[in-house]
Amino acid sequence: EFKVLNISDNVEMLYEKYPEPPVSAVLIILNRAILEKEVTNPKNENYIATHNLKLFNEMISSGLWHGRVKVVEADSELVKQSEYQTYSKYCSLVGSIINFFLALDAEIFIGTKVSSYSTTVISYRFFREKKKNFFYLPSGLDWVTSLDIKQPSRFAC
C-alpha cells in the first residue's frame, strides 16, 4: 500500500524531515469540494475525511510550524471566483493547470506515488533540475529525485 490517508501522518512526516521550516508558505492542492461532500454524506460515516477536513481548516487558519509557515489552499474555487467567464466555465481544468505550474516552481514538492499528477510534476521538476521531490509513503517521506538518479520514477499504481 502506497497511500497515506490521514493528513496528520503527512504533517508528522514534514516535521520529522524538516524540524525547522524549509519555506515560508506551503501550498496544499486538495479538492475541498470532494472532501466536504464525503464529510456531509449522511449515508457514510467517514471518520478519516472528517478528521482531515478539520485539520486542513486548522492548517489554513493557523499555519504550520506553530504558525511560522502560512498554508495556502489552491483548487478550482479560486478560478470560479474569477471575473473571466471562460475560466470560470472550465474551472476544474484551469485550476489544475494553475496548480501544475505552481507545483513546478515550488521550492519542495511532496506528492503521492499513486498519483499520475504527482509523478508528472516530479518528472518535469527533475528535468528542470529541481531535485527536492518526495513521495508520502506509510514508512515516511521518500526522496525520489536524489542527486545520483538518471531518470525520475514513473507512475505505478
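Colleague: Give me the lowdown on unusual backbone geometry, citing residues and values where you can.
Modeller: The phi angle at Trp 65 is positive, at roughly 50 degrees, despite the residue not being glycine. Relative to the helices and strands, Trp 65 is located in the loop between helix 3 (47-62) and strand 2 (70-74). For Trp 65, a relative accessible area of 3% puts it in the buried group. Positive phi is not limited to glycine here, since Glu 129 has a value of about 70 degrees. Positionally, Glu 129 belongs in the loop between helix 7 (116-127) and strand 4 (133-137). A residue is classified by how much of its surface remains accessible, and Glu 129, at 61% relative accessible area, is exposed.

Colleague: Let's hear about the packing of helix 2 (residues 32-40) against helix 3: which residues, and what values?
Modeller: Helix packing for two helices is described by the angle between their axes and how far apart those axes are. Where helix 2 contacts helix 3, the two axes come as close as 8 Å, and the packing angle between them is 135 degrees. Between helix 2 and helix 3, the interaxial angle falls into the category oblique. In the packing of helix 2 onto helix 3, the handedness of the crossing is left-handed. Residue-level inspection shows Arg 32, Leu 35, Glu 36, Glu 38 and Val 39 of helix 2 in contact with helix 3, the latter providing Ala 49, Thr 50, Asn 52, Leu 53, Phe 56, Asn 57 and Ile 60.

Colleague: Can you break down a nonpolar patch on the surface residue by residue, with the values?
Modeller: A cluster of nonpolar side chains, Leu 27, Ile 29, Val 72, Ile 98 and Leu 102, forms an exposed patch at the surface whose accessible area comes to about 350 Å². Among the secondary structure elements, those contributing two or more residues to the nonpolar patch are strand 1 (25-29) and helix 6 (91-105). With respect to the secondary-structure elements, Ile 98 resides in helix 6.

Colleague: Quick rundown of the nonpolar core? Include the residues and the values.
Modeller: With 18 residues, the main nonpolar core has Val 11, Val 26, Ile 28, Met 59, Leu 64 and Trp 65 as its most contacted residues. Here the element with the most residues in this core is helix 1 (residues 7-17); it accounts for four residues. Once you skip the residues sitting within four places of it in the chain, Leu 64 turns out to touch Val 11, Leu 14, Tyr 15, Val 26, Met 59, Val 69 and Val 71. Formed by nine residues, the second largest nonpolar core is a distinct cluster that contains Phe 100, Leu 104, Phe 109 and Leu 137.

Colleague: Account for the environment of Phe 127, naming residues and giving values.
Modeller: Along the chain, the position of Phe 127 falls in helix 7. Assessed through its relative accessible area of 54%, Phe 127 is described here as exposed. A sequence separation of 77 residues divides Phe 127 from Thr 50, and the C-alpha atoms of the two residues are 38 Å apart. Residue contacts for Phe 127: discarding those within four places in its chain leaves Gln 151 and Pro 152.

About the thresholds
- Residues numbered from 1 in each chain as written.
- Predicted model: local features only at pLDDT ≥ 70, side-chain atom pairs only at ≥ 80, totals over all residues.
- Heavy atoms only, no water.
- Helix = DSSP H or I, 4+ residues; strand = E, 2+ residues; numbered from the N terminus.
- Buried < 20%, exposed > 50% of the residue type's maximum accessible area, 1.4 Å probe, protein only.
- Axes fitted to C-alpha atoms, helices over the stretch in contact; angles between N-to-C directions.
- Parallel < 35°, antiparallel > 145°, perpendicular 65-115°, else oblique.
- Left-handed = near helix turned anticlockwise from the far one by under 90°.
- Contact = heavy atoms within 4.5 Å.
- Patch = residues over 30% accessible without salt bridge, like charges linked within 9 Å, V, L, I, M, F, W, Y side chains within 5 Å.
- Areas by Shrake-Rupley, 256 points an atom, 1.4 Å probe, with all protein chains shown as cover.
- Salt bridge = Lys/Arg side-chain N within 4 Å of Asp/Glu carboxyl O.
- Core = buried A, V, L, I, M, F, W, Y, C linked by side-chain atoms within 4.5 Å.

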